[in-house]
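Now for the letters of each chain:
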Amino acid sequence: MAIRQITIIGTGLIGGSLGLALRKNGFRGTIVGCDRPAVLARAKKMGAIHRGHQDPTLASRSSDVVVLATPVGSILELIERLAPSLPSQTLLTDVGSTKTAIVERAKSACGNDASKRFLAGHPMAGKENSGIEHADAELFRGAAWFLTPLPHQTFKSGVVAEYMGWIKKTGAKLATLDPAEHDELCAWISHVPQMVSTALAATLVEEYGERAPLLESGGRALREMTRIASSPYSMWRDIAITNKSSIAAALQKLEQRIAHIRENLDSRQLEEEFNAAHKLKNQSPRKHTATKKRSKS
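Residues numbered from 1 in each chain as written. Predicted model: local features only at pLDDT ≥ 70, side-chain atom pairs only at ≥ 80, totals over all residues. Heavy atoms only, no water.

**Let's talk about the overall build of the protein**
Okay, step 1: Helices and strands together make up the secondary structure of the protein, namely 13 helices and nine strands.
Okay, step 2: Computed over the C-alpha atoms, the radius of gyration of the protein is 21 Å, within 12% of the 19 Å expected from 2.2 N^0.38 for a compact globule of 297 residues.
Okay, step 3: Each principal axis of the C-alpha distribution contributes one length, and for the protein these read about 65 × 50 × 30 Å.
Okay, step 4: When burial is assessed residue by residue, the protein has 43% of its 297 residues classed as buried. (Helix = DSSP H or I, 4+ residues; strand = E, 2+ residues; numbered from the N terminus. Rg over C-alpha atoms; globule rule 2.2 N^0.38 Å. Buried < 20%, exposed > 50% of the residue type's maximum accessible area, 1.4 Å probe, protein only.)

**Notes on the layout of surface pockets**
Okay, step 1: Estimated volume of the second largest pocket: approximately 240 Å³.
Okay, step 2: Ala201, Val205, Leu214, Leu215 and Thr226 are the residues nearest the centre of the second largest pocket, which is lined by 13 residues in total.
Okay, step 3: For the lining of the second largest pocket, the secondary-structure elements that each account for two or more residues are α8 (179–208), α9 (214–218) and α10 (220–226).
Okay, step 4: When grouped by side-chain class, the residues that make up the lining of the second largest pocket number eight nonpolar, two polar and three charged. (1 Å grid on protein atoms, 1.4 Å probe; cavity = no way out; pocket = protein on both sides within 12 Å on 5 of 7 lines; lining within 4 Å. Points joined across faces, edges and corners; volume = space filled by probe spheres on them. Nonpolar A, V, L, I, M, F, W, Y, C, P; charged D, E, K, R; others polar.)

**Some details on the pattern of salt bridges**
Okay, step 1: One pass over the structure, following the stated rule, counts 11 salt bridges.
Okay, step 2: Among the ionic pairs, Asp55 bridges to Arg81, the shortest N-O distance being 3.1 Å. Remark: Arg81 occurs in helix α4 (residues 72–82) and Asp55 occurs in the loop between β3 (51–53) and α3 (56–60); sequence separation between them is 26 residues.
Okay, step 3: For Glu104, the salt bridge identified is with Lys107, shortest N-O distance 3.3 Å. With a gap of three residues between them, Glu104 and Lys107 both fall in helix α5 (residues 100–110), about one helical turn apart.
Okay, step 4: Because the salt bridges share partners, they merge into one network encompassing Lys24, Glu138 and Arg141. (Salt bridge = Lys/Arg side-chain N within 4 Å of Asp/Glu carboxyl O.)

**Here's the deal with unusual backbone geometry**
Okay, step 1: Even without a glycine there, the phi angle at Ser62 is positive, about 70°.
Okay, step 2: In this structure, Ser62 sits in the loop between α3 and β4 (65–68).

**Observations concerning the nonpolar core**
Okay, step 1: Core analysis: the biggest nonpolar cluster contains 39 residues, and Phe140, Trp145 and Tyr163 have the highest contact counts within it.
Okay, step 2: Those elements giving two or more residues to this core turn out to be β1 (5–9), α1 (13–24), α2 (37–46), β4, β8 (144–147) and α7 (158–169).
Okay, step 3: Of all hydrophobic cores here, the second largest spans 28 residues; its members include Ala59, Ile79, Phe118 and Ile239. (Core = buried A, V, L, I, M, F, W, Y, C linked by side-chain atoms within 4.5 Å.)

**Structural notes on the environment of Leu214**
Okay, step 1: Locating Leu214 in the fold gives a position in helix α9.
Okay, step 2: The spacing of Leu214 and Val159 is 55 residues in sequence and 50 Å in space, taken between C-alpha atoms.
Okay, step 3: Look past the residues within four positions of Leu214 in its chain and what remains in contact with it is Leu204, Tyr208 and Leu222. (Contact = heavy atoms within 4.5 Å.)

**Some details on the packing of aromatic side chains**
Where two aromatic rings form a pair, the distance of their centres and the angle of their planes describe that pair.
Okay, step 1: By the definition in use, this model includes two aromatic pairs.
Okay, step 2: Relative to Trp145, the ring of Phe140 has its centre 5.2 Å away and its plane inclined at 50°; by these criteria the two rings are tilted.
Okay, step 3: Classification of Phe140 by relative accessible area gives buried; the value is 1%.
Okay, step 4: Seen from the ring of Trp166, Lys169 lies directly overhead, with NZ or CZ sitting 4.2 Å from the centre. (Phe/Tyr/Trp six-rings, centres within 6.5 Å; stacked < 30°, edge-to-face > 60°. Lys NZ or Arg CZ within 6 Å of the ring centre and 35° of its normal.)

**Section: the sheet that holds β3**
Okay, step 1: Spatial ordering of the open sheet is given by β3-β2-β1-β4-β5-β6, a layout of six strands whose pairing is parallel. Looking at strand neighbours, the two that pair on one side only are β3 and β6 (118–119), the edges of this open sheet.
Okay, step 2: Docked against the sheet, α1 engages β1, β2 (30–34) and β4, running at close to 160° with respect to β1. (Pairing = 2+ DSSP bridges. Axes fitted to C-alpha atoms, helices over the stretch in contact; angles between N-to-C directions.)

**Here we look at the sheet that holds β8**
Okay, step 1: If you walk across this open sheet you meet the three strands as β7-β8-β9, and the pairing is mixed. Each edge of the open sheet carries a strand with a single partner, namely β7 (121–123) and β9 (173–176). The mean angle between the axes of side-by-side strands here comes to 20°, regardless of whether they run parallel or antiparallel.
Okay, step 2: Summarising the sheet, β7 and β8 pair through three bridges and their orientation is antiparallel. Bridge assignment links His122 to a residue of β8, and that residue is Phe146.

What follows is the structure, encoded as structure tokens:
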């Protein structure tokens, strides 16, 4: 076993869940957390970490793997801060929701050894509620865990291969794709749904007020569509900044579709929109893999 100690910087929902999942699935090494004192105390009590430090450098000392599980803006800063001081054999990895900016920062901070020292990752798992108190050892089971390789990076040996083995043991399904493709795909399957949910919830508050019993009256459909609207802005701010172009392009296309529906509420074209939408649900389940957009002729 090459990996004897793992540091998780950011022991909130994702970081805490990773610690719990690793321990539940047989990791016998030490897990060190890095966060605020109250968060570390809760994470230790829950069994997500063995010990903790507030300082990222101290928390990373003697670790074979350092996982950056903070918002994207902090991940960029931590890469810059930690990469020069970590031993060359230590694997630095992340769980950030956007990848292009992170990969570019890793290439700059790690230099020619970036492909050996940094692994860019993104588990497609989460909840509308953040924080260590919502951490769950089963959070990653069945979820895609995207990896966006650096140039000439190999996953076949060493600490990278062993760490990927532990990811698989959490129940996640590994898939690889280019960083730019990742950001465009996630704009559609994750970031736009969040913005739509946020827009709908904010509009309902504006129309009916904060205390209107909308969720009870609207039933399951409304609850499901607005559930993720409670996700924290502190996380989505950095996602919006680092994936602005992809999110904006996707939102523009969606706006055009909504406008088309609005203009055809009393025509057969509305039926065509429903028929087109039903095809998404009728697709058979597929393996988690990079989704290529269909070319238009």
